Amino acid sequence: MEVISRRFPGGTLGTIPPRSSPKPAAPSVADDLRDRLVVVGQGYAGLPVAMRAVEVGFDVVGFDVDVTKIKGLAAGESRVEDVSSAVVTSALATGRYEPTSDPERTRGFDVAVIDVPTPLSEGVPNLSHVTDAATVLASSLRAGATVILESTTYPGTTEDLVAGILEEGSGLVAGRDFQLGYSPERIDPGNPTWGFVNTPKVVSGIDKDSLDAVQAFFDRLVDRTVPVSGTREAELTKLLENTFRHVNIALANELAVFAEAMGINIWEAIDAASTKPFGYLRFTPGPGVGGHCLPIDPSYLSWKVRRSLGQPFRFVELANDINAHMPDYVVSRLTLALNRDKRSVNGSRVLLLGIAYKPNTGDVRESPGLVIAQSLRALGADVRVADPHVSSDAADMVHVELTAEEVQQTDAVVIVTDHDAFDYDMVRDHARYVLDTRNRVRGPRVESL
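Please read these numbers as outputs of a predicted model, since none were measured by experiment.

### Here's the deal with the sheet that holds strand β4 (residues 111-114)
Okay, step 1: Read from one edge of the open sheet, 8 strands run β3-β2-β1-β4-β7-β8-β9-β10, paired in mixed fashion. Edge positions in the open sheet fall to β3 (97-100) and β10 (225-227), since each of these has one partner strand only. Taking the axes of each pair of neighbouring strands and ignoring which way they run, one obtains an average angle of 20° across the sheet.
Okay, step 2: Note that strand β7 (residues 146-149) and strand β8 (residues 179-182) share 4 bridges and pair parallel. Within β8, the residue paired with Ile 148 across the bridge is Gly 181.
Okay, step 3: Lying on the sheet, helix α6 (residues 157-170) is in contact with β7 and β8; it crosses β8 at an angle near 145°.

Given below as structure tokens:
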């Protein structure tokens, strides 16, 4: 089987070489947009695509292997914070949204979008979910359809992995019989300003027809599309965005550690540097990084560079090391603070404010707060968590309401996630000691990271 990357080196646009069999007469999706869409994965990236597609007139099948999730969606219940249950209920009411875990319901699609997890397994990219999704779609693929990968991955995945699975399972040829492209998801959970529709959408294809089809599809869903010359460039775009943040956050974190040791207020320095109107972007330290983008995505790029070129991506690996050790630094700072007060971590009651990985969301994926809580418990601390956005069954620990009484009974408060819902003045007034990793509180009994 001839792979796409050999037809289009580097993913650049080109003309498909002549083949023994003629190109099917079926029109491309770019020329004649159809309305049957399959979105594989109904999580934080896939569900917004599905809901927006219903809104603009598509018939949408939302496929997911998580039966519990599908049952909830069928009942109008959303697990995705950026998509309300009311929106799902409205989509169901149109009769044009069908959540399902039955692969047979994916048949007959005109466009399919893959939005499945791409985790790391022992430091190595795990594309098993992408492989499974492509396998399901291959059995449903027909001439003239378009398949789009949105899951974050290393450059070459669309052409070298997805194309082969689709071709082998369908008997069709990518670029000749169906269109194939990549468009990185840019969902930022909890962002009140930039959502799916108004965030520019990078689009790509394995050839010009594929790019046209992918761009035509997303032009119906978002305000602006940004075409690039090939799928590898689009795949690298996503990794570049996240690696940029990862490295700069690591710089801020390491500066915070050194500034504290030298008796310098890192937050004042950051505020002062932020007044420069050019040549500087503000990044702040914290207890670590969480979610999918920062702890995982840059490692996809590092792995690909090492595997393809035999060289380490030193910036990424150093950033990984710095950011991964920030929860340990938080625990060590708390230990020193308790020791100054002639107390030990063992037996102390510690209240963590926020366990989600980012403010004003309930997302605990790869959250540094979980690591801090586990480390403190291992040292014998009585750990309590206050987080109005996280359900009590989302993390295996004691959840409490943030009240003055709770704060007064606590030996130390650690601000891990700075949700806007917290009463920081009350915490400052009633806490014996506060370790603030987000610079939200000032006071005589407060220390910043």
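Anyway, onward from the coordinates.
### Some details on the confidence of the model for the chain
Okay, step 1: When pLDDT is averaged along the chain, the result is 91; 92% of the residues meet or exceed 70.
Okay, step 2: When the criterion is pLDDT under 50, residues 1-34 qualifies, and its contacts beyond four places in sequence or with other chains add up to 76 contacts.

### Focus on the pairing of strand β9 (residues 201-205)
Okay, step 1: For β9, the tally of buried residues reaches 5 of 5 residues, placing the bulk of the element in the interior.
Okay, step 2: Relative to β9, β8 runs antiparallel, the two sharing 2 bridges. Counterpart to Gly 181 in the pairing with β9 is Gly 205.
Okay, step 3: As defined by bridge partners, β9 adjoins β10 across 3 bridges and the pair is classed as parallel.

### So, the pattern of salt bridges
Okay, step 1: One pass over the structure, following the stated rule, counts 31 salt bridges.
Okay, step 2: For Arg 333, the salt bridge identified is with Glu 260, shortest N-O distance 3.9 Å. One end of the pair, Arg 333, is in helix α12 (residues 326-340); the other, Glu 260, is in helix α8 (residues 231-261), with 73 residues separating them in the sequence.
Okay, step 3: Classification of Arg 333 by relative accessible area gives buried; the value is 6%.
Okay, step 4: Take Glu 260: its relative accessible area is 36%, and that puts it in the partly exposed class.
Okay, step 5: Two residues, Arg 432 and Asp 411, come together in a salt bridge whose shortest N-O distance is 3.0 Å. Here the residue Arg 432 occupies a position in the loop between α15 (424-430) and β15 (434-436), and Asp 411 occupies one in the loop between α14 (404-408) and β14 (412-415), the gap between them amounting to 21 residues.

Reading the values: the criteria
Residues numbered from 1 in each chain as written. Predicted model: local features only at pLDDT ≥ 70, side-chain atom pairs only at ≥ 80, totals over all residues. Heavy atoms only, no water. Pairing = 2+ DSSP bridges. Helix = DSSP H or I, 4+ residues; strand = E, 2+ residues; numbered from the N terminus. Axes fitted to C-alpha atoms, helices over the stretch in contact; angles between N-to-C directions. Contact = heavy atoms within 4.5 Å. pLDDT = per-residue confidence, 0-100. Buried < 20%, exposed > 50% of the residue type's maximum accessible area, 1.4 Å probe, protein only. Salt bridge = Lys/Arg side-chain N within 4 Å of Asp/Glu carboxyl O.

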